[in-house]
There are 2 protein chains.
Amino acid sequence: MTKIKLLIGRDDPGLRERVQAASDRIEVVTAEQLKEQPGLLGELEIVYGGLGREQLPRAGKLRWLQTGGAGVNGLLTPELRASEVVLTNASGIHAEPIAEHMFGMLLMRTRRLAEAWDQQKTREWRGYAFGENVGMLAGMTLGVLGVGAIGGHSARVGKGFGMRVIGLRRTGAPHPDVERMYSQDERLEFFRESDVVMNSLPLTEGTRHAMGWDEFAVMKPAAIVINTGRGGTIHTDALVAALREGRLGAALLDVTDPEPLPEDHPLWTMENVFITPHYSGAHPGYWERADRIFLENLRRYLAGEELVNVVDKREGY
Amino acid sequence: MTKIKLLIGRDDPGLRERVQAASDRIEVVTAEQLKEQPGLLGELEIVYGGLGREQLPRAGKLRWLQTGGAGVNGLLTPELRASEVVLTNASGIHAEPIAEHMFGMLLMRTRRLAEAWDQQKTREWRGYAFGENVGMLAGMTLGVLGVGAIGGHSARVGKGFGMRVIGLRRTGAPHPDVERMYSQDERLEFFRESDVVMNSLPLTEGTRHAMGWDEFAVMKPAAIVINTGRGGTIHTDALVAALREGRLGAALLDVTDPEPLPEDHPLWTMENVFITPHYSGAHPGYWERADRIFLENLRRYLAGEELVNVVDKREGY
């Protein structure tokens, strides 16, 4: 009986054991082995991470590709889209960490905590210098851009803080923690209303430059934009211009376009910009949670059942 | 008719006008005037800020003292305690800003945002360096120490983040957003359970060193302590020892003992300490909200009604 060759991209002996224990029909291939025998690429049936888009054309027997992250825009070549390969991701496990990251960046800005952190290094107690110009979330309008797992949890947290929560969602379908949901047609109204925009959009044909010249043009001059989705959902030149011209309060970015951000990019040094290098989804127990999805899918695959977390390759998420 | 002399400590012409408009029985005294004519001190009947504890013994006609803040430990001399002067404060208006400040400090720590802020200055994109050792609030146990307006709002926010919220309250009386409330007798159990302690206690005889050697001894080695109450509610030496010996994860302090913290104090430079100089209560519209309480009380005072926000001088808050 031909074995099912399964690539595990991560070097994790415990995971290898658990995968192997799932069935003796499986033959685990490690990233190391693939490097030594590149010919194995054409024999892989299942891949759990560790494959770049440039390798996909030579993975002729691939039937199922599971990623360890959520965004799949980097993998979705026209060929993969057109193929019968099933693409699954780890969407859902990022809701809490990314929402926490966004509120952390936001509060660091509104409470002037970065300035206090710099000030601590001088060992000087300057209480009255900090009391001015702090902002308060309670009473602000939080605009959740993309109301999936991350956006939904962010809405719940925002409500806890006493923010008024509005959302923008293609379908305009309601969400229990979103007071008013805007549809795509009403998007400028959504941006006009928001004091804070939390963007956790995936990058698809429909979301590229979801925030561009038109959107920044209607936003409040003190509004704060947070992006933990994909850099390309924001038109970088339009963002930089809005910040430069005082038409936007701040940009707090975990993702950028281009990414990584080149050393000479103006965003690095702009006064109202805070950058974290694309780690908002990281959290303790990340791989346990991602592996749980993969192992459940492996069980389903072997049993001929439908997989969970299947990406709609046409929609791109 | 003798006028009611009323000191307004803040130089705010708009407030003076509103106070004067409340009744022509009132004669407003400004801080400036008091400085020029110190004899006025003995004629004041009402004071809204601007009086130090050392001046109190000479304010012989004082009947009502309203503060602009919440903590009154700095004013509560034995003489004031024994006197018939009614003491009122602005407690309640600090709930949102202080809860926001505490969660900002907490997330800055768990999401490693201070390190990212320092890193941004080098213009280097080091994504993988940050993915490790981040913490996640969801699933952690939040211990709310002192469940008043601030603690109650913090409990609500913590619940929104998916934390398990426990509380410590002298009476042990329940609160809708606190899953389990501990009483004073069970306090070591409360500290043993908490991953994060948010302390917003007032400083009274009963709360001095509420967190001391015994409490730190039972806490989890990774636990995070946040203090926005009063510095003296924590035994500083016990805190420093726990941090030094790796028995505590971090201390995030908006208040310290002593305060201001002297330049050579070890807390300034300890790796796991973040200090903001006592401004967690600041927020936009602070004085509008504080003045609203004072003006309502002034209306009540003139009408002979009972005042709101009266401090129990024996309890100290």
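Because the structure is a prediction, the values reported are computed rather than measured.

Asker: Can you walk me through the pairing of strand 2 (residues 26–30) of chain B in this structure?
Answerer: Two faces make up the sheet, and in a regular strand the side chains alternate between them. Residues and elements named next belong to chain B. Most of strand 2 is tucked away, with four of its five residues classed as buried. The sheet contact formed by strand 1 (residues 4–8) and strand 2 spans five bridges and is parallel. Among the inter-strand pairings, L6 is bridged to a residue of strand 2, identified as V28. Crossover strand 1 to strand 2 through helix 1 (residues 13–22) is right-handed.

Asker: Any chance you could explain the confidence of the model for chain A here in plain terms?
Answerer: Note that predicted coordinates carrying low pLDDT should not be read in detail. Mean pLDDT over chain A works out to 96, with 100% of the residues at or above the 70 mark. Among the prediction metrics, the complex's ipTM stands at 0.92, with pTM recorded as 0.93.

Asker: Could you clarify how one ought to interpret the interface of chain B and chain A in this entry?
Answerer: Many structure descriptions define interface size as the accessible area lost when the parts assemble. Taken together, the 60 residues of chain B in the interface contact 60 residues of chain A. When chain B packs against chain A, close to 5,200 Å² is buried across both sides, 66% of that on carbon and sulfur atoms. Area buried by chain B at its contact with chain A is led by E100, R123 and W125 of chain B, which between them contribute 17% of it. At the junction of chain B and chain A, the tally comes to two salt bridges.

Asker: What's the story with the sheet that holds strand 11 (residues 250–253) of chain B in this structure? I'm lost.
Answerer: Either a parallel or an antiparallel arrangement is found when strands of a sheet pair, and the pairing is made through backbone hydrogen bonds. All names here are of chain B. Spatially, seven strands are ordered 8-7-6-9-10-11-12 in an open sheet, and the strand pairing comes out parallel. In this open sheet, the two edge strands, each paired with only one partner strand, are strand 8 (180–182) and strand 12 (273–275). The sheet shows a mean angle of 15 degrees between the axes of neighbouring strands, taken without regard to direction. Examined bridge by bridge, strand 9 (residues 196–199) and strand 10 (residues 224–227) share four bridges and lie parallel to one another. By the bridge assignment for strand 10, M198 is matched with I226. Against the sheet, helix 7 (residues 149–160) contacts strand 6 (141–145), strand 7 (164–168) and strand 9, and its axis sits at roughly 170 degrees relative to strand 6.

Asker: Help me understand the sheet that holds strand 2 of chain B, please; the structure alone is not making it clear to me.
Answerer: All names here are of chain B. Reading across from one edge, 2-1-3-4-5 is the order of the five strands in this open sheet, with parallel pairing throughout. Where the open sheet ends on each side, the last strands, each with one partner, are strand 2 and strand 5 (86–88). In this sheet, adjacent strand axes meet at a mean angle of 20 degrees when their direction is disregarded. The pairing of strand 3 (residues 44–48) with strand 4 (residues 64–66) spans three bridges and is classified as parallel.

Asker: Would you mind going over the environment of K35 of chain B with me for this structure?
Answerer: Counting through the fold element by element, K35 of chain B comes out in helix 2 (residues 31–36). The spacing of K35 of chain B and W125 of chain B is 90 residues in sequence and 57 Å in space, taken between C-alpha atoms.

Asker: Could you clarify how one ought to interpret the pattern of salt bridges in this entry?
Answerer: Opposite charge on two side chains permits them to pair, given that their charged atoms come into close proximity. Under the defined criterion, the tally for this structure stands at 42 salt bridges over all chains. Between R63 of chain A and E45 of chain A there is a salt bridge whose closest N-O contact spans 3.7 Å. Of the two residues, R63 of chain A is situated in the loop between strand 3 (46–48) and strand 4 (64–66) and E45 of chain A in the loop between helix 2 (31–36) and strand 3; the sequence distance between them amounts to 18 residues. Judged by its relative accessible area of 18%, E45 of chain A is buried. Members of the salt-bridge network, linked through shared partners, are D118 and K121 of chain A together with D118 and K121 of chain B.

Asker: Help me understand helix 4 (residues 95–110) of chain B in this model?
Answerer: Each α-helix turn comprises 3.6 residues. Residues three or four places apart therefore point the same way. Residues and elements named next belong to chain B. Between the first and last C-alpha of helix 4 there are 22 Å, a value that for 16 residues agrees with the 22 Å anticipated at 1.5 Å per step. Across the 16 residues of helix 4, 14 count as buried, placing the element largely inside the fold. Residue R112 follows helix 4 closely and has a positive phi angle near 60 degrees.

So, how was this worked out
Residues numbered from 1 in each chain as written. Chains lettered and ligands numbered in written order. Predicted model: local features only at pLDDT ≥ 70, side-chain atom pairs only at ≥ 80, totals over all residues. Heavy atoms only, no water. Buried < 20%, exposed > 50% of the residue type's maximum accessible area, 1.4 Å probe, protein only. Helix = DSSP H or I, 4+ residues; strand = E, 2+ residues; numbered from the N terminus. Pairing = 2+ DSSP bridges. Right-handed = clockwise from strand over helix to strand, strands pointing away. pLDDT = per-residue confidence, 0-100. Contact = heavy atoms within 4.5 Å. Buried area = accessible area lost by both parts, 1.4 Å probe. Salt bridge = Lys/Arg side-chain N within 4 Å of Asp/Glu carboxyl O. Axes fitted to C-alpha atoms, helices over the stretch in contact; angles between N-to-C directions. Expected span 1.5 Å × (residues − 1).

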